[in-house]
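Reading the structure
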Amino acid sequence: MRLEEAWLQQNLLDNRLSWLVGRYDLNTEFYRVQSGALFINSSFGIGPEFSHSGVAGPSIFPNTAVGTRIDFKPSPNVVWRAAALDGPMFISEVALLARPDPAGAPRQRRFGIGRGRARPYGGKLAFGAWYYTARFSDLADTLPNGASVQHRGSGGVYLIGDLTVRSLTAFAQLGLGDGRVNQIGGYLGGGFTFTAPFSSRAQDALGLAVAAARNGSHYERAQTAAGGTAAGETSVELTYLAQLGSWLTVQPDVQYVIHPGGTRATRNAVVPGLRVAVSH
């Protein structure tokens, strides 16, 4: 068993200021697009240029870390948030949101546990940046004695957009990482979801999305020197969520992966899947 989240949060100033401390999954708030939740490919939850960064990735599922996060709403539709987490790592994001403002509303006394508890929105545009303060080894450059060049710090930026118009949602993700010390130097993803794709299936959802991860230049140089054939990985996912009852959903899924693992040495792959959810 592993403890994923355990934190305390205090809201102040009519819910315009929020402070959290404890073991915290930053992807519940940072780099989050609600339209991506339908898909199984993890890149639609958080870009791989960030999730594959650092020593063992940032504080996200399944390896979270202890830290603190602060949120501030200078206006009803703008949220600035920042967090400092074990690593040490710092992250900040500014988000423009289209959703009702809860400021001044009675506090919700009911506890909410787990991922996906954030309030829904009709539209979102967010820009974020992250930075590790540790030292990292360069993937290609070496010193005269053969040791890897060491870099102080590693960071990246991302831009995400998410929009819902009636039964259609569309989202896009763009991320740039540190190609000196990480395999993935850039990422571009996006997709669409359709609710009620058929008139007789009002609760079903159909989704199509594409995720393209590009290797950093230093990783490709290292692979070329070793006789490898590096290439970016691209995945296309088609999925359908069927509501079979008030307590049961079944979701068949298929992904076509081009250059799995970011190399031409591996054949393209078809990955079928099935997700079943039971609720009560």
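Structural notes, computed from the coordinates.

**Looking at the overall build of the protein**
The number of helices and strands found in the protein is two helices and 13 strands. Computed over its C-alpha atoms, the radius of gyration of the protein comes to 20 Å, within 12% of the 19 Å expected for a compact globule of 280 residues. Each principal axis of the C-alpha distribution contributes one length, and for the protein these read about 65 × 45 × 35 Å. For the protein, with 280 residues in total, the buried portion stands at 39%. Looking at the protein alone, contacts between residues at least 24 apart form 58% of all its contacts between residues at least 6 apart. Per element, the accessible surface of the protein, about 15,300 Å² overall, is 62% carbon and sulfur.

**Overview of the packing of aromatic side chains**
Each pair of aromatic rings is reported with the distance of its centres and the angle of its planes. Throughout the structure, instances matching the rule amount to nine aromatic pairs. On the basis of an interplanar angle of 15° and a centroid distance of 6.5 Å, the ring pair of Tyr 31 and Phe 50 is categorised as stacked. You can see Tyr 31 sitting in the loop between strand E2 (17-24) and helix H1 (48-51) and its partner Phe 50 sitting in helix H1, a full 19 residues away along the chain. Each member of the pair, Tyr 31 as well as Phe 50, is classed as buried. Both rings, one in Phe 44 and one in Phe 171, keep their centres 5.8 Å apart while their planes meet at 80°; by these two values the pair is edge-to-face. Here Phe 44 is found in the loop between E2 and H1, whereas its partner Phe 171 is found in strand E8 (residues 168-176), with 127 residues between them in sequence. For the residue pair Phe 44 and Phe 171, the accessibility class agrees, reading buried in each case. Through a chain of ring-to-ring contacts, three or more aromatic side chains come together here, namely Tyr 31, Phe 50, Trp 130, Tyr 132, Phe 136 and Tyr 158.

Cut-offs and rules
- Residues numbered from 1 in each chain as written.
- Predicted model: local features only at pLDDT ≥ 70, side-chain atom pairs only at ≥ 80, totals over all residues.
- Heavy atoms only, no water.
- Helix = DSSP H or I, 4+ residues; strand = E, 2+ residues; numbered from the N terminus.
- Rg over C-alpha atoms; globule rule 2.2 N^0.38 Å.
- Buried < 20%, exposed > 50% of the residue type's maximum accessible area, 1.4 Å probe, protein only.
- Contact = heavy atoms within 4.5 Å.
- Areas by Shrake-Rupley, 256 points an atom, 1.4 Å probe, with all protein chains shown as cover.
- Phe/Tyr/Trp six-rings, centres within 6.5 Å; stacked < 30°, edge-to-face > 60°.

What is shown is where atoms sit, not what they do.
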